[in-house]
Every structure is written in structure tokens, then in C-alpha cells.
Amino acid sequence: MPKVRTNRTKYPDGWELIAPTLREMEAKMREAENDPHDGKRKCETLWPIFKIAHQRSQYIFELYYKRNEISKELYEFCLDQGYGDSNLIAKWKKPGYERLCCLRCIQPRDHNFGTTCVCRVPKHLREEKHVECVHCGCKGCASGD
């Protein structure tokens, strides 16, 4: 008789400290996904999802790089399991991208004239004072703000 494989994931040490916060953010994400989008623009329906994904990645980033409260094993486990966006965290480590809201804001192919998003422009250089990013609803993520 063949061995029965269980689909149990082994959690690294320290998981029980961050699990409640990640579960809470996961519940918020589910709520945002199921939220009715009547009367909103097509792009506005995704804004809460981007915001929660950003918060989750920021939480993991701060625990590992800024506060040094979790181990490298736990950090990599969180990224492997999809709790954080590894590409976004990699950008946060580079100078000038510390406050980046999402990766779509820096991709030139998603914008007119092959530039970055309007939320990446510092506030003192903007023509309009109130600006929202079309992709994620960010009001400004330039590092000079």
C-alpha cells in the first residue's frame, strides 16, 4: 500500500507571533475581494486589494529588515507562501523606492509616453495638487515627499 501524503505545512519558529496579524489581513483581503463594486470605476474596485497586499508586504519587510524580529527562515517562508510580494520588497531595499506603492507604478509600458505613474512625481513638482494613481489609488509614493 502506498504512503499517504499529508498536505501539512511545517511552520518555522516564530510563526505563532505573526500568524494572527497575517490572518487578520487575510480576512480583510477576502472582505475586499467580496465587496460590491456598484457605482465604482473599473480600476477603483482593485484599489483596496492593492492596499491590503501592500500592507501585508510592508509588515513582513519591517519585521525582517527594520526591527529584526523574525528569522531569515520565517521571512523566506512568508514570501514562499505568498504572504508578501518579494519583487516589491526587493524594490523597497533600493534607494529612491522606499515608499513604492506597487510595481505597476514604475513599469513604463503601463503609462503614456513610456514614463512612470503620476504618483511617483514629488508633490512640489506636480501641476495638480490632488492626484490619485489609476492603478492602485496611491496619492503619492515618491521618496522625496
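Above this text sits the structure in question.
Not measured: the values here are computed from a predicted model. (Residues numbered from 1 in each chain as written. Predicted model: local features only at pLDDT ≥ 70, side-chain atom pairs only at ≥ 80, totals over all residues. Heavy atoms only, no water.)

All chains considered together, the criterion is met by 7 salt bridges. Close ionic contact of E62 with R67 constitutes a salt bridge, the shortest N to O distance being 3.7 Å. A relative accessible area of 44% means that R67 is categorised as partly exposed. One salt bridge in this structure joins E132 and K139, with 3.3 Å as the shortest N-O distance. Taking relative accessible area as the criterion, E132 reaches 33% and is therefore assigned partly exposed. Each of E62, R67 and E69 takes part in one network of salt bridges that share partners. (Salt bridge = Lys/Arg side-chain N within 4 Å of Asp/Glu carboxyl O. Buried < 20%, exposed > 50% of the residue type's maximum accessible area, 1.4 Å probe, protein only.)

Here the focus is the packing of aromatic side chains. All chains considered together, the criterion is met by 9 aromatic pairs. Their ring planes at 10° and their centres at 5.0 Å tell us that Y11 and W15 sit as a pair that is stacked. Residues Y65 and Y75 carry aromatic rings whose centres are separated by 5.5 Å and whose planes lie at 85° to one another, so their mutual orientation is edge-to-face. On the criterion of sequence distance, the pair formed by Y65 in helix α2 (residues 47-66) and Y75 in helix α3 (residues 72-80) is long-range, its members being 10 residues apart. A network of ring pairs unites the aromatic residues F61, Y64, Y65, Y75 and W92 as a single cluster. (Phe/Tyr/Trp six-rings, centres within 6.5 Å; stacked < 30°, edge-to-face > 60°. Helix = DSSP H or I, 4+ residues; strand = E, 2+ residues; numbered from the N terminus.)

Let us look at the nonpolar core. W15, I18, L22, C78, C101, C105 and C119 are the most contacted members of the largest nonpolar core, which has 31 residues in total. Contributing elements (two or more residues each) for this core: α1 (15-34), α2, α3 and α4 (86-92). Here this core spans two domains, since at least three of its residues come from each of domain 1 (1-92) and domain 2 (98-144). (Core = buried A, V, L, I, M, F, W, Y, C linked by side-chain atoms within 4.5 Å. Domains from an automatic or database assignment.)

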